[in-house]
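What follows is each chain in one-letter form.
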Amino acid sequence: MNIRRGLVSALLAGLLVTTIAAPVEAGATYTTNLRAAVRALPVATQNNAGYDRDRYFGDWIDQDKDCQATRAEVLITESRVTPTFTTAKRCTVATGRWVTSWDNRVHTSAKTVQIDHTVPVVEAWGSGARSWTQARRVAFYNDRGYSGTLNAQTTLLNQQKQAKGPEAWVPPANVCLYVAQWTTVKARWGMSVDTKEKAALIRYADKCAPMQLTITRA
């Protein structure tokens, strides 16, 4: 009986490792499910010492030199209609149609939304970005390689969220989507979670319908 139990335990352990194994090379893509992805996130104490957003992450950048910085690029991508611009140079978005995922509200003025980092910048700093190169931190700040990293959200809710993680704040709508995006960003950038954060993610993920995630390492 003990031998049988040992074999079963070894088999289950092997299956678990197979389920949560993920490539670490930049650009590598793998598919998993939300519950497994949450449980695979490494746990570490968050350390925010030395955080300086402007110094270490900078601001929106114009990656393709078309005068549209990251904020404008996100607004253009997420608008349900062709956006208008404040000037003929088409650098700054004026109007469009955005449905913010945290509350399902419709916005037609770019002034009523903010571009939110799903994983706040200070959270990223304390979860691993302290040891990144400056170029990698700027890349995270302006990450458009995964659509869930940066999103237009209702200004009031973004102000309520601030730097809170899912252990302290979740949106009033589409919680499972939010948890999936948070988990994907953390896994994409190789960031850790603290114990309270992981417990909250597991609690929410276990209540969500099965959800497949496709994660590309940054």
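Just so we're clear, the structure is a prediction, and the values are computed from it rather than from any experiment. (Residues numbered from 1 in each chain as written. Predicted model: local features only at pLDDT ≥ 70, side-chain atom pairs only at ≥ 80, totals over all residues. Heavy atoms only, no water.)

K.L.:
Hey, could you run me through the pattern of salt bridges in this one?
P.N.:
Summed over all chains, the structure comprises five salt bridges. As a salt-bridge pair, Asp206 and Arg39 come within 2.8 Å of each other at their nearest N and O atoms. With Asp206 in helix H9 (residues 195-207) and Arg39 in helix H2 (residues 34-40), this residue pair connects regions lying 167 residues apart in the sequence. Here Arg39 falls in the partly exposed class, since its relative accessible area comes to 38%. The salt bridge involving Asp143 is made with Arg188; its shortest N-O contact spans 2.9 Å. A residue pair is termed long-range when its members are at least 10 positions apart, and Asp143 in the loop between helix H6 (134-141) and strand E6 (150-154) and Arg188 in helix H8 (residues 175-188) qualify at 45 residues. Of the two residues, Asp143 and Arg188, both sit in the buried class. (Salt bridge = Lys/Arg side-chain N within 4 Å of Asp/Glu carboxyl O. Helix = DSSP H or I, 4+ residues; strand = E, 2+ residues; numbered from the N terminus. Buried < 20%, exposed > 50% of the residue type's maximum accessible area, 1.4 Å probe, protein only.)

K.L.:
Would you take a moment to explain unusual backbone geometry for this structure?
P.N.:
Note: most residues except glycine have negative phi, and most peptide bonds are trans. Look at Arg90: it is not a glycine, yet its phi comes out positive at around 60 degrees. Mapped onto the elements of the fold, Arg90 is located in the loop between strand E2 (84-85) and strand E3 (93-100). For Gln162, which is not glycine, the phi torsion reads 50 degrees and is therefore positive. Note that Gln162 resides in the loop between helix H7 (155-161) and H8. Gln162 gets classed as exposed once you look at its relative accessible area, which sits at 57%.

K.L.:
So what exactly am I meant to see when it comes to the packing of H8 against H9 here?
P.N.:
How two helices sit against one another is set out by the angle between their axes and by the gap between those axes. In contact at an axis separation of 10 Å, H8 and H9 are set at 135 degrees when each is read in the N-to-C sense. When the interaxial angle is binned, H8 and H9 end up oblique. Handedness of the crossing formed by H8 with H9: left-handed. Listed contacts from H9 to Val175, Val179, Trp182, Thr183 and Lys186 of H8 are Glu197, Leu201 and Tyr204. A breakdown of the residues in the contact of H8 with H9 according to their chemical character gives five nonpolar, one polar and two charged. (Axes fitted to C-alpha atoms, helices over the stretch in contact; angles between N-to-C directions. Parallel < 35°, antiparallel > 145°, perpendicular 65-115°, else oblique. Left-handed = near helix turned anticlockwise from the far one by under 90°. Contact = heavy atoms within 4.5 Å. Nonpolar A, V, L, I, M, F, W, Y, C, P; charged D, E, K, R; others polar.)

K.L.:
Can you help me understand the side chain of Asp194 in this one?
P.N.:
Within the fold, Asp194 resides in the loop between H8 and H9. Although buried, Asp194 forms no salt bridge, and the nearest oppositely charged side chain, Lys186, lies 7.1 Å from it. Among the polar contacts listed, one links the side chain of Asp194 to the backbone nitrogen of Lys196, at a separation of 3.3 Å. Not counting the four nearest positions on each side in its chain, Asp194 is found in contact with Val43, Ala44 and Gln46. (Lys, Arg positive; Asp, Glu negative; His and termini not counted. Polar contact = N/O pair within 3.5 Å; in protein donor to acceptor, adjacent residues only side chain to side chain.)

K.L.:
Which parts of the structure should I look at to understand the pairing of strand E5 (residues 113-117)?
P.N.:
Strand residues, when the strand is regular, have side chains that alternate between the two faces of the sheet. When you tally the buried positions in E5, you get four out of five residues, the bulk of the element. Sheet analysis places E5 next to E6, joined by five bridges and oriented antiparallel. When the sheet's bridge partners are listed, His117 is paired in E6 with Leu150. (Pairing = 2+ DSSP bridges.)

K.L.:
Would you explain the nonpolar core in this entry?
P.N.:
As a rule of thumb, nonpolar side chains are buried together in soluble globular proteins. One finds Leu34, Phe57, Phe140, Val185, Met191 and Leu201 to be the most contacted residues of the largest nonpolar core, which totals 33 residues. Mapped by element, the contributors of at least two residues to this core are H2, helix H3 (53-57), helix H5 (121-126), H6, H8, H9 and strand E7 (212-216). If we ignore the near neighbours within four places in the chain, the residues touching Val185 are Val119, Phe140, Tyr146, Gly148, Thr149 and Met191. (Core = buried A, V, L, I, M, F, W, Y, C linked by side-chain atoms within 4.5 Å.)

Geometric descriptors of this kind do not, in isolation, establish any biological role.
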